[in-house]
Structures are given as C-alpha cells and as structure tokens.
Amino acid sequence: MSDITIRDDRAGGRLEAYAGDEVAGRIAYFVLESPGRALVPVHTVVEPAHEGKGIAGSLARELYAISEREGVPVAPLCPYVISWAERHPDVAPVADPALLDAAKAWLAAHPDRF
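Residues numbered from 1 in each chain as written. Predicted model: local features only at pLDDT ≥ 70, side-chain atom pairs only at ≥ 80, totals over all residues. Heavy atoms only, no water.

One pass over the structure, following the stated rule, counts seven salt bridges. Residue Arg10 is joined to Asp8 by a salt bridge in which the shortest nitrogen-to-oxygen separation is 3.1 Å. What makes Asp8 partly exposed here is its relative accessible area of 33%. A salt bridge links Arg26 to Glu47; its shortest N-O distance comes to 3.3 Å. Of this pair, Arg26 sits in strand S3 (residues 22-32) while Glu47 sits in the loop between strand S4 (38-46) and helix H1 (55-70), and the two are 21 residues apart along the sequence. A cluster of three or more residues bridged by salt bridges with shared partners is formed by Asp8, Arg10 and Glu70. (Salt bridge = Lys/Arg side-chain N within 4 Å of Asp/Glu carboxyl O. Buried < 20%, exposed > 50% of the residue type's maximum accessible area, 1.4 Å probe, protein only. Helix = DSSP H or I, 4+ residues; strand = E, 2+ residues; numbered from the N terminus.)

Listed below in structure tokens is the structure:
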C-alpha cells in the first residue's frame, strides 16, 4: 500500500486515504459529545480501483491512532471497523456499551447525515 496518505477531515466527518490527488477510500464518522466524547465511525468505503490494497485496514488503524492521541474512545457502528477492531484488540479497545447506545441514538436522530 505505498503512496497512500491518510488525512483527517474532522469538519467534514471523513478520514480519507489518498493515492496521489485521488481519494482511494474513506471512513465516514462523527464525534459524539454526550454522554461522553467519542469518535463514531459509521461507514467505510474503498474505491473499486483500490480494493485489496489494505486501505480500509489502514484507515481503521489510523482512526484508533487518532483516538489514542486525543484520549477519546472509538464507538464503532461501521461493520468493517467493528470487525477490524475484533481482530486487533491490541490497538482497538472494546467500546463502552453506553457510548455505543448513545451513538446509535444520535445516528437515528440524524438520518440524513450518513
């Protein structure tokens, strides 16, 4: 997976992987504020031309790295990130059930966001 750069567009709610100037993949997420702050990944997409290159895994790993740097947990709702986290418990701690419930409620209250 050479020549891939990952950028966090926090305002846009996207963690994006770039191959040159082209977006090769992304994790759409939001920041939960209550009952506690958390990064909530909702959906992971890798463009067809870039599938099979480890981009989704690199995005998930970077999301958890951001979480660790900022001291903010991840409350994953994205099936890919949930699966990735289960395979990498060394870098992806299990999410607090209360944060997961709050994230699901926030998402249900904002159906047009994702």
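If you trace the four strands from one edge of the open sheet to the other, you get S1-S2-S3-S4, paired in antiparallel fashion. Edge positions in the sheet fall to strand S1 (4-9) and S4, since each of these pairs with one other strand and no more. When strand polarity is set aside, the average angle formed by the axes of neighbouring strands in this sheet is 20°. As judged from the eight bridges shared by S3 and S4, these two strands associate in the antiparallel manner. Bridging from a neighbouring strand, Gly25 pairs with Val46 of S4. Across the sheet, helix H3 (residues 97-109) is in contact with S3 and S4; its angle to S3 comes to roughly 105°. (Pairing = 2+ DSSP bridges. Axes fitted to C-alpha atoms, helices over the stretch in contact; angles between N-to-C directions. Contact = heavy atoms within 4.5 Å.)

Spanning 16 residues, H1 covers 22 Å between terminal C-alpha atoms, matching the ideal 22 Å at 1.5 Å per step. Those residues of H1 that fall on the buried side of the exposure criterion are Ile55, Ala56, Gly57, Leu59, Ala60, Leu63, Tyr64, Ile66 and Ser67. Tucked into the core, H1 has its buried residues touching S1, strand S2 (14-19), S3, S4 and helix H2 (79-87). (Expected span 1.5 Å × (residues − 1).)

Attention now moves to the packing of aromatic side chains. In the structure shown here, the tally under the stated rule is three aromatic pairs. Aromatic pair Phe30 and Trp106: ring centres 3.9 Å apart, planes at 20°, arrangement stacked. Of this pair, Phe30 sits in strand S3 while Trp106 is found in helix H3, placing the two residues 76 residues apart along the sequence. Here the aromatic rings of Tyr64 and Trp84 are separated by 5.8 Å at their centres, their planes lie at 25°, and the arrangement is stacked. Of the two residues, Tyr64 is situated in helix H1 and Trp84 in helix H2; the sequence distance between them amounts to 20 residues. Clustering of aromatic rings is evident, with ring pairs tying together Phe30, Trp106 and Phe114. (Phe/Tyr/Trp six-rings, centres within 6.5 Å; stacked < 30°, edge-to-face > 60°.)

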